[in-house]
Amino acid sequence: MDTTSQILSGLFGVAIVILIAPRILAVNQGKILRNMALWVAIFLLLALAYKNFGPVDPNQANQSGSTATSQAQDDLTDKEAPLPDMQINEENGFSPPQGD
C-alpha cells in the first residue's frame, strides 16, 4: 500500500466518522456510559473464554499421551546407573556436567 492510498483511506475513515457520529450520539444520549460498559464487559468475557477454552497448546496435547513413554523411560533409568559426572534431576531427567 503506497502513501497516497493510506492518506485517502484515513480521510475516508474520518469522513465516515463525521457523518455517522452525530446520529449515534443522538440515539445514545444519556446511555453512552452504560453502553460502553456493556461492550467492555462483552469483550472481557470473550477474552476470558478464548484464554480458557481457546486453541490447545501442542505441547500439552503431547503430554497426555506420553505417560506410557515416560514409564518406559523410568524403567530404563532404573536399570542403568548414571555416569558419575552427571546429576539426576527429578524434573528434567538429568543435568549435563557442570563446567569448571
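Quick note: structure is the one above.
Residues numbered from 1 in each chain as written. Predicted model: local features only at pLDDT ≥ 70, side-chain atom pairs only at ≥ 80, totals over all residues. Heavy atoms only, no water.

Undergrad: So what's going on with helix H2 (residues 32-53)? Which residues, and what values?
TA: Because the α-helix completes a turn every 3.6 residues, residues three or four places apart line up on one side. When the terminal C-alpha atoms of H2 are compared, their 31 Å separation across 22 residues agrees well with the 32 Å that a helix rising 1.5 Å per residue should span. In terms of burial, H2 is largely open, as just 1 of its 22 residues are buried. (Helix = DSSP H or I, 4+ residues; strand = E, 2+ residues; numbered from the N terminus. Expected span 1.5 Å × (residues − 1). Buried < 20%, exposed > 50% of the residue type's maximum accessible area, 1.4 Å probe, protein only.)

Undergrad: Any details on the packing of aromatic side chains? Residues and values, ideally.
TA: Aromatic rings considered in pairs are described by the distance between their centres and by the relative angle of their planes. Applying the stated criterion to the full structure yields 1 aromatic pair. Centroid distance Trp-39 to Phe-43: 6.2 Å. Interplanar angle 35 degrees. Geometry classified as tilted. Taken together, the positions of Trp-39 and Phe-43, both in helix H2 and 4 residues apart, correspond to about one turn of that helix. The same class applies to Trp-39 and to Phe-43, which are both exposed. (Phe/Tyr/Trp six-rings, centres within 6.5 Å; stacked < 30°, edge-to-face > 60°.)

Undergrad: Break down helix H1 (residues 3-27) for me, with residues and values.
TA: In this model, H1 (25 residues) spans 36 Å end to end at C-alpha, consistent with the 36 Å of a helix rising 1.5 Å per residue. Taken as a whole, H1 carries its principal kink of about 35 degrees at Ile-20; the proline Pro-22 stands between one and four residues after it. (Bend = angle between axes of the 7 residues up to and from the residue.)

Undergrad: Outline the side chain of Asn-35, listing residues and values.
TA: Here Asn-35 lies in helix H2. Under the relative-accessibility criterion, Asn-35 is labelled buried at 19%. Within the structure, the side chain of Asn-35 is placed 3.0 Å from the side chain of Asn-28, a separation counted as a polar contact. (Polar contact = N/O pair within 3.5 Å; in protein donor to acceptor, adjacent residues only side chain to side chain.)

Undergrad: Tell me about a nonpolar patch on the surface, residues and numbers included.
TA: Among the surface-exposed residues, Phe-12, Ile-16, Leu-19, Ile-20 and Ile-24 lie close enough to one another that they form a single nonpolar patch of about 490 Å² accessible area. Structurally, Leu-19 can be placed in helix H1. (Patch = residues over 30% accessible without salt bridge, like charges linked within 9 Å, V, L, I, M, F, W, Y side chains within 5 Å. Areas by Shrake-Rupley, 256 points an atom, 1.4 Å probe, with all protein chains shown as cover. Salt bridge = Lys/Arg side-chain N within 4 Å of Asp/Glu carboxyl O.)

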